[in-house]
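Below, each chain spelled out in residue letters.
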Amino acid sequence: MYEFTTTERNNNKANEYETKAMLYLFGCRKDSINIDVFIIDCFNDVTGSTVSVDQLWDVQSKGVQSLNPQKIGTALITLYQNYISDIDFEYYILLMPKLKEMYLQDEELSAYGITNFIAKYVDKIREGLSKEYLRRNKISPDAKDIEDFLNKIEFIIANGNKAEYVKKITTFTSKNSLEDEFYNIIFDEIRDKQTILKSTNIDGYTIMKPAEVLQFGKSIWKKDIDSLVINRMLGVDIFNQRAVPIAFIDEIVTLESEERKDMLVDCQSEIAKMLFDKNGRMIFWKFFEKLLSHKKDIIRKTPREILQQIKSEKILIPRILSDMSVIYMISLLKEGLKYDN
Amino acid sequence: MIIKKIAIGNINEAFVENRIHNGVNIIFSDDNNKGKTLIMQGMMYALGNQPIFPKGFNYRLNFFYTKIEIKNIEIEVLRKESSFVVKREDQIYLFDSTTELKHFFVDERLMEVPSIIKDGHQVISDLDLFYEIFFVGQDKRNPSNIINSGYNNKKDFINMLCSLNGYQLHDMEDENDNQLKIKQLKADISATKKLLKLIKGNSNISGYVNKYSDNEQFTTYRSLIKSVYSTIGEYKKKRMLELNRKEKLESLIQELNSLNREIKQGNVVCASCGSDKIIYKNRSMAFEVSNQFVRTNVLTSIRYQIEQKEEVIREYTRELQKGQDELKKILQDVPVELHQVLLFSETILSEIDYDDKLIDLNAQLCELQKKDIQLVNNESEAKKQYSKMKQDIVVAMNILYKEVDSLGGTVFDDIFTKKDETYSGSEEQEYYYSRILAINDYFKHQYPLLIDCFRSGEISSIKEDIMLNNYIARKKQVIVTATLKEEEYSAHKYDHYKKDVNIIDYSSNTSSKLLQKSYVPELKDIIESFNVIFDE
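What comes next concerns the included structure. The model shown is predicted, which means the values in this text are computed figures rather than measured ones.

## A look at the interface of chain B and chain A
Moving on, step 1. Each side of the interface is counted separately: chain B has 52 residues, and chain A has 50 residues.
Moving on, step 2. Of the roughly 4900 Å² buried between chain B and chain A on both sides combined, carbon and sulfur atoms contribute 61%.
Moving on, step 3. The interface formed by chain B and chain A holds 6 salt bridges in total.
Moving on, step 4. Our count for the contact surface shared by chain B and chain A stands at 5 residue pairs in polar contact (both at pLDDT 80 or more).

Here it is in structure tokens:
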């Protein structure tokens with residue numbers, strides 16, 4: 001059994017760190033590819049999970065400047081409580097700013113275990129954690145548990161600004177060189193969504209199996225964020241590029257040059273209208289998500305084949321888009337999608 | 001910018017030149033008509049220059065390909081008539097006019113084509129005007145004006161140099177002169193109208209038609225006019241289409257702005273406090289379809305496209321005017337009796353009349369805009385900078401000239417010569433040589449120096465040596481062509497330059513037949529690499 005406690009309210013800075021924690025899980029780890037969904041503010045600030053919730057990456061973010069070992073110990077409390085809970089977490093991660101010098105053996109590392117702390121500071125961490133445990137539970141923690149737990153912690157330094165985190169998760173190459181402001185706005189959109197999810201209070205609820213956590217709807221799917229970023233980049237690309245997507249050339253090669261021009265303007269206009277239509281968002285995202293679920297095929301097959309495919313799957317296409325516009329959009333996707341995803 | 005490769009041809013015959021080096025290149029032959037001019041003009045035509053091809057060569061039937069390296073980026077351009085396909089790395093771009101190609105070069109910061117004020121509009125100089133900075137063709141040379149004079153003239157060339165120099169000139173002549181021209185234009189129009197009335201009122205015309213319809217002269221003129229008229233029609237159609245697209249984009253902006261207002265009805269309002277800030281607990285709460293950044297970007301790009309369309313429309317209007325001028329010219333040569341019959345049979349005159357009116361209105365508009373701009377400009381500083389630049393270039397030209405021709409009596413006092421000054425063949429050659437180098441040295445530009453027939457007009461060997469050594473000293477790509485006399489050719493004239501110069505011999509090409517069947521597969525590969533079907 002797992003009982004949910006303390007869901008915290010906090011400020012923008014802390015929210016920003018929690019978003020960084022999520023994006024860190026999304027794109028900065030070697031095993032990022034295995035994570036499918038982020039559970040927000042249930043077990044911890046962010047918990048990455050596989051789709052079947054059988055593997056969990058538990059992250060506590062601490063966006064506080066001037067952290068000292070004692071405070072680090074205190075900050076580890078939720079991770080530790082999870083460690084000794086009935087649920088198995090695979091990884092325990094503390095995301096924090098770069099520490100002031102003198103605490104560490106190797107100052108250069110941006111990811112390290114407890115062994116990178118100088119011995120006397122490990123004691124301080126242990127002390128901080130034990131004190132906080134005592135304060136909350138009115139009993140002292142098990143010394144062996146603490147030792148085992150500390151050896152499992154990954155300390156991760158949050159370096160980089162908002163834009164850099166978004167860039168790391170981008171699976172689409174834009175034709176345009178985009179300024180940081182573009183990425184900052186996407187970051188804020190993700191952060192706002194995260195904040196909304198946090199406002200759902202589940203204090204006191206209990207679950208028996210990890211998979212049950214998804215029922216609260218306090219989760220963000222990786223593919224949703226992926227779609228978001230691709231969609232934003234596509235939006236910037238549509239009118240900004242002179243280059244006709246190569247895959248689209250096959251569609252218009254038989255047309256007269258004047259007809260070609262009209263065709264392009266029509267496709268671009270329809271996609272622009274769709275992007276501006278605030279009322280069509282549900283249908284749009286469903287459509288876009290389904291489209292991106294064919295990522296591998298998009299890279300391999302022709303846009304027209306993809307169109308046939310999604311039509312045969314009876315996927316609802318936003319009314320505003322003609323077949324040609326869908327093909328144009330797929331052609332754009334084809335050019336931007338990176339192969340290594 | 002470096003020229004890497006040139007190709008010309010069609011499905012039946014082709015030529016590919018890939019022997020060009022980064023330094024000085026001499027393309028030469030023992031006789032004329034070996035294809036030197038064709039390759040030089042073809043190379044520039046692919047890059048958006050005006051067609052100035054040798055007589056008997058129908059450029060409309062051919063593809064033109066030039067590969068350049070510019071700012072370390074490889075760019076390949078394929079042109080057929082007014083269509084361009086450009087390849088950069090693996091990206092393909094399609095353009096339907098030289099204006100679009102020009103914008104591509106400028107927007108992508110590949111070429112620094114300067115802006116000038118033309119007909120009251122701030123426009124980017126046309127590519128053919130710009131290319132005259134570093135390209136001298138063999139034909140239509142005229143030291144008192146630019147080679148492709150027509151829409152652009154030497155005034156525009158000077159304006160362009162001023163812009164390149166950082167001080168844009170706005171107008172070099174008095175506005176009175178312009179107003180005079182407008183007056184004349186108006187007088188022309190009213191005269192044309194009167195003529196029209198007269199002809200239409202003449203009931204004997206149908207008799208003339210019968211009388212002349214079998215006349216040979218009549219049919220010749222008639223087909224001439226028909227062909228010009230179809231060009232005019234073509235441009236009218238194109239202009240109309242562009243106008244439509246422009247309007248479409250304008251209404252798209254309005255539509256997008258209205259779409260972006262979220263429908264207010266049905267918003268959830270909290271029953272207890274009346275606030276609409278309800279937090280959804282629904283998992284499917286989705287992101288917005290776009291964000292402000294994307295929307296602003298889309299709108300800006302559409303506006304930019306509209307601006308481009310406006311310029312393309314102006315270009316087509318100019319082409320239209322050209323066709324109409326041509327039509328007028330043909331009519332001038334026609335005997336008066338035939339004249340009326342011709343006009344009647346093709347109902348052309350009313351079209352001229354109509355379009356003249358339009359053009360007149362355009363001219364008036366331009367005039368107003370010009371005045372507007374003149375209010376804000378700081379002409380005197382620009383003029384000062386202009387005369388300083390002119391002096392520097394002219395001094396350099398004279399030094400270069402004296403070095404080649406120490407006994408020569410010519411003294412350049414301007415970048416162009418006066419209209420009534422005539423030059424002998426060698427003097428003209430020396431003029432272009434001095435000008436292209438002086439401009440190169442003044443601006444230190446990134447472009448190669450390209451001179452077709454660099455020793456025309458019987459330039460002596462000593463002079464030629466000085467010129468070649470000066471080209472070599474510039475340490476940049478230079479491509480020149482030369483026709484050698486028989487004794488020069490058999491003496492292997494250029495062999496002693498082999499160390500510094502890349503020598504390309506065209507003598508073995510068949511006379512007047514540069515394009516060969518054997519190059520067709522190579523051209524085919526090039527063209528297909530652009531995803532273009534190689535058939536016409």
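## Some details on the pattern of salt bridges
Moving on, step 1. Tallied over the entire structure, the rule returns 54 salt bridges over all chains.
Moving on, step 2. A salt bridge links Lys273(A) to Glu255(B), with the nearest nitrogen and oxygen atoms 3.5 Å apart. Of the two residues, Lys273(A) sits in helix 10 (residues 257-276) while Glu255(B) sits in helix 7 (residues 216-259), which places them in two different chains.
Moving on, step 3. For Glu488(B), the salt bridge is made with Lys493(B), and the minimal N-O distance between the two is 3.7 Å.
Moving on, step 4. For Glu488(B), a relative accessible area of 13% gives the class buried.
Moving on, step 5. Exposure remark for Lys493(B): the relative accessible area of 15% places this residue in the buried category.

## A closer look at the environment of Asp145(A)
Residue and element names in this part refer to chain A.
Moving on, step 1. Along the chain, Asp-145 falls in helix 5 (residues 143-152).
Moving on, step 2. When its relative accessible area of 28% is taken as the criterion, Asp-145 is described as partly exposed.
Moving on, step 3. Along the primary structure Asp-145 and Ile-84 are separated by 61 residues, whereas in three dimensions their C-alpha atoms are 7.7 Å apart.
Moving on, step 4. Excluding residues within four positions of it along the chain, Asp-145 makes contact with Tyr-80, Tyr-83 and Ile-84.

## Thoughts on a nonpolar patch on the surface
Moving on, step 1. Where nonpolar side chains cluster on the molecular surface, the patch consists of Met282(A), Ile283(A) and Leu316(A) and spans about 290 Å² of accessible area.
Moving on, step 2. Tracing the backbone shows Met282(A) in helix 11 (residues 281-292).

## Re a negative patch on the surface
Moving on, step 1. A grouping of Asp54(A), Asp86(A), Asp88(A) and Glu90(A) is seen on the molecular surface, where their side chains present a negatively charged patch.
Moving on, step 2. Mapped onto the fold, Asp88(A) is located in the loop between helix 3 (77-83) and strand 5 (91-96).

## Focus on the sheet that holds strand 6 (residues 83-88) of chain B
Residue and element names in this part refer to chain B.
Moving on, step 1. Strand order in the open sheet made by the 6 strands is 2-1-4-5-6-7, with antiparallel pairing throughout. Two strands in the sheet have a free side with no partner beyond their single neighbour: strand 2 (14-17) and strand 7 (91-95). Here the average twist between neighbouring strands, direction ignored, is 15 degrees.
Moving on, step 2. As defined by bridge partners, strand 5 (residues 73-80) adjoins strand 6 across 6 bridges and the pair is classed as antiparallel. What sits directly across from Val-77, in strand 6, is Val-86.
Moving on, step 3. Contacting strand 1 (2-9), strand 2, strand 4 (63-70), strand 5 and strand 6, helix 1 (residues 36-46) crosses the sheet at an angle of about 75 degrees to strand 4.
Moving on, step 4. Across the sheet, helix 15 (residues 520-528) touches strand 1, strand 2, strand 4 and strand 5, and the angle it forms with strand 1 is around 115 degrees.

## A word on the pairing of strand 1 of chain B
All names here are of chain B.
Moving on, step 1. With 7 of 8 residues buried, strand 1 is to be regarded as a mostly interior element.
Moving on, step 2. Where strand 1 and strand 4 come together, 7 bridges link them in antiparallel fashion. Bridge pairing in strand 4 links Lys-5 to Lys-67.
Moving on, step 3. As defined by bridge partners, strand 1 adjoins strand 2 across 4 bridges and the pair is classed as antiparallel. Residue pairing for strand 2: Ile-8 is matched across the bridge by Phe-15.
Moving on, step 4. Here strand 1 hands over to strand 2 after 4 residues, the two strands then running antiparallel side by side.

## A word on the packing of helix 4 (residues 154-164) of chain B against helix 12 (residues 425-443) of chain B
Residue and element names in this part refer to chain B.
Moving on, step 1. Contact pair helix 4 / helix 12: the axes reach a minimum separation of 11 Å and the direction vectors enclose 25 degrees. Here helix 12 runs roughly parallel to helix 4, going by the angle between their axes. For helix 4 against helix 12, the interelement crossing comes out right-handed. Along the contact surface, helix 4 presents Phe-157, Leu-161 and Leu-164, while helix 12 presents Arg-435, Ile-439 and Phe-443.
Moving on, step 2. For the contact of helix 4 with helix 12, the class distribution of residues is 5 nonpolar, no polar and 1 charged.

## Quick word on the sheet that holds strand 3 (residues 46-49) of chain A
Residues and elements named next belong to chain A.
Moving on, step 1. The sheet built from 7 strands is open, its strands ordered 6-7-5-4-3-2-9 with mixed pairing. Each edge of the sheet is formed by a strand with only one pairing partner; in this case those strands are strand 6 (111-112) and strand 9 (219-221).
Moving on, step 2. The sheet contact formed by strand 2 (residues 37-40) and strand 3 spans 4 bridges and is antiparallel. Directly across from Ile-39, in strand 3, lies its bridge partner Thr-47.
Moving on, step 3. Relative to the sheet, helix 8 (residues 222-240) contacts strand 2 and strand 9, its axis offset from that of strand 9 by approximately 55 degrees.

## With respect to the side chain of Lys198(A)
Residue and element names in this part refer to chain A.
Moving on, step 1. Relative to the elements of secondary structure, Lys-198 occurs in helix 7 (residues 180-198).
Moving on, step 2. The class of Lys-198 is buried, set by a relative accessible area of 7%.
Moving on, step 3. Within the local environment of Lys-198, its side chain forms a polar contact with the side chain of Glu-18, the two groups lying 2.9 Å apart.

Rules behind the numbers
- Residues numbered from 1 in each chain as written.
- Chains lettered and ligands numbered in written order.
- Predicted model: local features only at pLDDT ≥ 70, side-chain atom pairs only at ≥ 80, totals over all residues.
- Heavy atoms only, no water.
- Contact = heavy atoms within 4.5 Å.
- Buried area = accessible area lost by both parts, 1.4 Å probe.
- Salt bridge = Lys/Arg side-chain N within 4 Å of Asp/Glu carboxyl O.
- Polar contact = N/O pair within 3.5 Å; in protein donor to acceptor, adjacent residues only side chain to side chain.
- Helix = DSSP H or I, 4+ residues; strand = E, 2+ residues; numbered from the N terminus.
- Buried < 20%, exposed > 50% of the residue type's maximum accessible area, 1.4 Å probe, protein only.
- Patch = residues over 30% accessible without salt bridge, like charges linked within 9 Å, V, L, I, M, F, W, Y side chains within 5 Å.
- Areas by Shrake-Rupley, 256 points an atom, 1.4 Å probe, with all protein chains shown as cover.
- Lys, Arg positive; Asp, Glu negative; His and termini not counted.
- Charge placed at Lys NZ, Arg CZ, Asp CG, Glu CD.
- Pairing = 2+ DSSP bridges.
- Axes fitted to C-alpha atoms, helices over the stretch in contact; angles between N-to-C directions.
- Parallel < 35°, antiparallel > 145°, perpendicular 65-115°, else oblique.
- Left-handed = near helix turned anticlockwise from the far one by under 90°.
- Nonpolar A, V, L, I, M, F, W, Y, C, P; charged D, E, K, R; others polar.

Keep in mind these values describe shape, not function.
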